[in-house]
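Now for the letters of each chain:
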Amino acid sequence: MELFGTAGIRGRVEETVTPELALSVGQAVGREAETVVVGRDGRQSGSALAAAVEAGIESAGARVRRLGPVPTPTLAWASRGQYGVMLTASHNPPEDNGIKLFVDGVEFDGDAEDRIERRVESGLEPAPWDEWETVERADVLGTYREAIAAYARGHGAPLEGLGVAVDCGNGMASLATPQVLYELGAEVRALNANVDSHFDARGSKPTPETLTGLCEFVAGHDAVELGIGHDGDADRIVIVDGDGAIVHEDTVLAVLAEHYVSASDAADPVVLTTPNASERIDERVAAAGGRIERTGLGVLHEGIAEIRATAADGTEIVFAAEPWKHVHPRLGGWIDGVASAAVFARLVAANGLETLREPVTERPYRKDPVRCPDAHKSAVMDRLETRLPEAFPDAEATLDYGVRLSFPDGSWTLVRPSGTEPYVRIYVESEAADELLADVRSVVEETVSDVTQT
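Calculation rules
- Residues numbered from 1 in each chain as written.
- Predicted model: local features only at pLDDT ≥ 70, side-chain atom pairs only at ≥ 80, totals over all residues.
- Heavy atoms only, no water.
- Buried < 20%, exposed > 50% of the residue type's maximum accessible area, 1.4 Å probe, protein only.
- Helix = DSSP H or I, 4+ residues; strand = E, 2+ residues; numbered from the N terminus.
- Arc of directions from axis to C-beta.
- Contact = heavy atoms within 4.5 Å.
- Core = buried A, V, L, I, M, F, W, Y, C linked by side-chain atoms within 4.5 Å.
- Pairing = 2+ DSSP bridges.
- Phe/Tyr/Trp six-rings, centres within 6.5 Å; stacked < 30°, edge-to-face > 60°.

Draft legend 1. Looking closely at helix α7 (residues 212-219). Burial in α7 covers these residues: Leu214, Cys215, Phe217 and Val218. Burial along α7 is one-sided: seen end-on, the buried residues are contained in an arc of 165°. Those residues of α7 hidden inside the fold are in contact with β8 (163-167), β9 (187-191), β10 (226-230) and β11 (237-240).

Next comes the structure, spelled out in structure tokens:
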């Protein structure tokens, strides 16, 4: 049994994330918890799955605090000092759902997920009847929004007069981001800000294709200086400039990273990011006096824990992010798109978006998959660890999370196996992006061919 991916358990509700599975996961979590907060997004299947999870938790002898429909970062915030279960498939289509587990404001690490998986596989029995617990309703949204607004006030400038359009995508951001920005003084235009279980207004994943309405709205309204797009559960964020163009996710990350390093009084401020993140982030962090560490995709929380476990005095993780998803460590250990929206808006109010972007070097960026059967991925990557550095001897190679080559001119490429599809993925950022991509792809394709034909 392999339940957990890089973002909890996720899949079709008729086949994978069923009420039976939700009941078993609830029992497994309830075995080690005293109290569990349970939240869900607005999907059609959310109510039934939440009821099943709650039944499992209660029958294992733990209390349930039912939050109802909330953004994932709200559930994470509410799980501080206790356990949390969020029913969400984030940006997946409406027929999917998922289960994401938290403890003390942080996602379960791999060891904890393995423990839950073993319990589910073993088929747990409920606790004795007189140890079954009950559920209580808890309303935390208002307090969460106040906490985010208070945190954001420590950054940038007041939002009075700043026009911001927020595309909530019929998702859970509808309950948080417009309200927080309004509290901070912004002139808010909320788009698709009703929770819709079918995401009828647009797909729940914020992409250039799904955010055309937001881009057109911002471009067509002179009073709107900033656009913000969210996914279905409000952990992702996309930024749109005043001309209605999407700002590259790595530029957003670079701006926030530079800000957090500059604002830090730590002797050794660290920004944690992922191998597919741009060198533009490294450049801005170094310019501000900090340094970069990298961890695997989908495990920012585990990377934070590893660094903190071995950190010297004076080392502080001031920001952690992968594209579109950000952790604000002084706020907490969870990914929070609502907090990112509030902090970024206040930085724009203080400096203007173009001023924030001006020092960031934005080289052309490409992504390209190469088909590779799952059974051969490991052997392919083993060979690429030697072949790619040999093919590009002027680059510095790191092999922690795939093969990443960094060139003296700031260009880079990453080759890594997909965790969900039969591909090896190539990422390239360079002034000569198409040429570098072609060269890297040639090495990857030759290697896949060699491995699959032996």
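On we go.
Draft legend 2. Local environment of the side chain of Asp235. With respect to the helices, strands and loops of the structure, Asp235 is situated in the loop between β10 and β11. Overall, Asp235 belongs to the buried group, its relative accessible area being 4%. Aside from chain neighbours lying at most four places away, what touches Asp235 is Pro73, Ser90, Lys100, Trp324, Lys325, Ile335, Asp336 and Gly337.

Draft legend 3. Looking closely at the nonpolar core. Grouped together as the largest cluster of nonpolar side chains are 64 residues, with contacts concentrated most on Leu226, Phe319 and Phe344. Broken down by element, the residue count for this core peaks at 9 residues, all from helix α11 (residues 337-351). Ignoring anything within four residues of it in the chain, the contact list for Phe319 reads Leu253, Leu256, Ala257, Tyr260, Val270, Val271, Leu272, His326, Val327, His328 and Pro329. Residues Val13, Val17, Val64 and Leu101 belong to the second largest nonpolar core, which totals 29 residues.

Draft legend 4. Spatial organisation of the pairing of strand β18 (residues 403-406). Bridge count for strand β17 (residues 396-398) against β18 is 3 bridges, and the pairing is antiparallel. Along β18, the bridge assignment pairs Glu396 with Ser406. Joining the antiparallel neighbours β17 and β18 is a turn of 4 residues, in which Gly402 adopts a positive phi near 100°. If you look at the hairpin formed by β18 and strand β19 (residues 412-417), you'll find 5 residues sitting between the two strands, and Gly410 has a positive phi there, around 95°.

Draft legend 5. Focus on the packing of aromatic side chains. Overall, the coordinates contain 5 aromatic pairs when judged by the stated rule. Each ring, one from Tyr83 and one from Phe108, has its centre 6.0 Å from the other, and the planes form 75°; the classification is edge-to-face. Residue Tyr83 is found in strand β4 (residues 83-87), and its partner Phe108 is found in the loop between β6 (106-107) and α4 (110-122); the two are separated by 25 residues along the sequence. Take Tyr83 and Phe108: they sit in the same class, and that class is buried. Consider the rings of Tyr260 and Phe319, whose centres lie 5.2 Å apart with planes at 15°: the pair is stacked. Of this pair, Tyr260 sits in helix α8 (residues 249-263) while Phe319 sits in strand β14 (residues 315-322), and the two are 59 residues apart along the sequence. The pair Tyr260 / Phe319 is uniform in exposure class, with both members buried.

Draft legend 6. Spotlight on the pairing of strand β5 (residues 96-103). For β5, the buried fraction is high: 7 of the 8 residues fall into the buried class. Relative to β5, strand β1 (residues 9-12) is paired through 4 bridges, and the arrangement is antiparallel. Across the sheet, the residue bridging to Ile9 is Ile99, located in β5. Relative to β5, β4 runs antiparallel, the two sharing 5 bridges. Bridge pairing in β5 places Met86 opposite Lys100. Where β5 folds back onto β6 in an antiparallel hairpin, the turn is made up of 2 residues, including Asp104, whose phi is positive at roughly 50°.

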